[in-house]
Amino acid sequence: TVASTDAAYIPAKVGGLNIAATYTANFAEDADVTINYVSADTTMGTVDPGHESLAPVTGAAAGSTAQPKPGYHFVNWTKSDNTVASTDAAYIPAKVGGLNVAATYTANFAEDADVTINYVSADTTMGTVDPGHESLAPVTGAAAGSTAQPKPGYHFVNWTKSDNTVAST
């Protein structure tokens, strides 16, 4: 039977006497903790799973994986104080003092390096292009394009891609 729910227990005398007895202190693991995994910007990348709940002592964190969207790359996971927790896309938080602790980890992404678009004339004796190239961010950049200028006696036909399919007329 339950003798007391107080952590400090002093047995009462029975009939004015202390009697021989054994009292057992019982313990239970604290409630589950939740670890959250979030993307700093979901237009750049996502995380899976977004959270997990686990026992503080006996639970084993499974972690989360950051997945960048096209044109972006994974940078790091940061803690709520913005310190870097990991630079691996797949992240499993370690226990702190032997315990899983409630926390939020943020996956950070950045846009990939600029790309270069080249514009070339199939035959410079027939015409030129201006400009010959441009560099721009793969997602947020806006191409300005190029203008084909035929030389006297020639006319512009079309722009083709590297696989010789027509891009524009």
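This text follows the structure it describes.
Description of the structure in this document. These numbers were taken from a predicted model, which means no experiment stands behind them. (Residues numbered from 1 in each chain as written. Predicted model: local features only at pLDDT ≥ 70, side-chain atom pairs only at ≥ 80, totals over all residues. Heavy atoms only, no water.)

1. Considerations on the overall build of the protein
So, step 1. Scanning the protein for helices and strands turns up zero helices and 14 strands.
So, step 2. When the helices and strands of the protein are placed in sequence order, the string is β-β-β-β-β-β-β-β-β-β-β-β-β-β.
So, step 3. In summary, the protein has a C-alpha radius of gyration of 33 Å against a globular reference of 15 Å for 169 residues, an excess of more than 25%.
So, step 4. With the principal axes as the frame, the protein shows a C-alpha extent of 125 × 25 × 15 Å.
So, step 5. With 169 residues in all, the protein has 22% of them scored as buried.
So, step 6. Contacts spanning at least 24 positions in sequence make up 50% of the contacts within the protein whose residues lie at least 6 apart.
So, step 7. Between the centroid of the 6 positive side chains of the protein and the centroid of its 16 negative side chains there is a distance of 5 Å. (Helix = DSSP H or I, 4+ residues; strand = E, 2+ residues; numbered from the N terminus. Rg over C-alpha atoms; globule rule 2.2 N^0.38 Å. Buried < 20%, exposed > 50% of the residue type's maximum accessible area, 1.4 Å probe, protein only. Contact = heavy atoms within 4.5 Å. Lys, Arg positive; Asp, Glu negative; His and termini not counted. Charge placed at Lys NZ, Arg CZ, Asp CG, Glu CD.)

2. Quick word on the packing of aromatic side chains
So, step 1. As enumerated under the stated definition, the model contains nine aromatic pairs in all.
So, step 2. Relative to Phe 109, the ring of Phe 74 has its centre 6.1 Å away and its plane inclined at 75°; by these criteria the two rings are edge-to-face. Remark: Phe 109 occurs in strand 8 (residues 103–111) and Phe 74 occurs in strand 5 (residues 72–78); sequence separation between them is 35 residues. Taken individually, Phe 74 and Phe 109 each receive the classification buried, so the pair is uniform in this respect.
So, step 3. An aromatic cluster of three or more residues is present, and its members are Tyr 37, Phe 74, Trp 77, Tyr 91, Tyr 105 and Phe 109. (Phe/Tyr/Trp six-rings, centres within 6.5 Å; stacked < 30°, edge-to-face > 60°.)

3. Notes on the sheet that holds strand 4 (residues 64–68)
So, step 1. Taking strand neighbours across the sheet as the criterion, the three strands line up as 2-4-7 in an open arrangement whose pairing is antiparallel. Bordering the open sheet on either side are strand 2 (45–48) and strand 7 (90–91), each of which pairs with just one other strand.
So, step 2. The pairing of strand 4 with strand 7 spans two bridges and is antiparallel. Among the inter-strand pairings, Thr 65 is bridged to a residue of strand 7, identified as Ala 90. (Pairing = 2+ DSSP bridges.)

4. Looking at the sheet that holds strand 3 (residues 51–54)
For sheets, the rule is that strands pair by backbone hydrogen bonds, running either parallel or antiparallel.
So, step 1. In spatial order, the strands read 3-1-8-5-6; together these five strands make up an open sheet with mixed pairing. The open sheet terminates on both sides in strands that have one partner only, identified here as strand 3 and strand 6 (84–86). The sheet shows a mean angle of 30° between the axes of neighbouring strands, taken without regard to direction. (Axes fitted to C-alpha atoms, helices over the stretch in contact; angles between N-to-C directions.)

5. Concerning the nonpolar core
So, step 1. Residues Tyr 37, Val 47, Ala 66, Phe 74, Trp 77, Tyr 105 and Ala 107 are the most contacted members of the largest nonpolar core, which totals 13 residues.
So, step 2. Counting only elements with at least two residues in this core, the list comes to strand 1 (33–39), strand 5 and strand 8.
So, step 3. Counting residues per element, this core draws most heavily on strand 8, at four residues. (Core = buried A, V, L, I, M, F, W, Y, C linked by side-chain atoms within 4.5 Å.)

6. A look at unusual backbone geometry
So, step 1. For the peptide bond that leads from Asp 48 to Pro 49, omega is 0°, which places it in the cis range.
So, step 2. By secondary structure assignment, the location of Pro 49 is in the loop between strand 2 and strand 3.
So, step 3. The step from Asp 130 to Pro 131 runs through a cis peptide bond, and the omega angle for that step is 0°.
So, step 4. Note on placement: Pro 131 falls in the loop between strand 10 (127–130) and strand 11 (133–136).
So, step 5. The backbone of Asn 82 sits at a positive phi, close to 70°, despite the residue not being glycine.
So, step 6. Counting through the fold element by element, Asn 82 comes out in the loop between strand 5 and strand 6.
So, step 7. Of note in this structure, Asn 164 is not a glycine but carries a positive phi near 70°.

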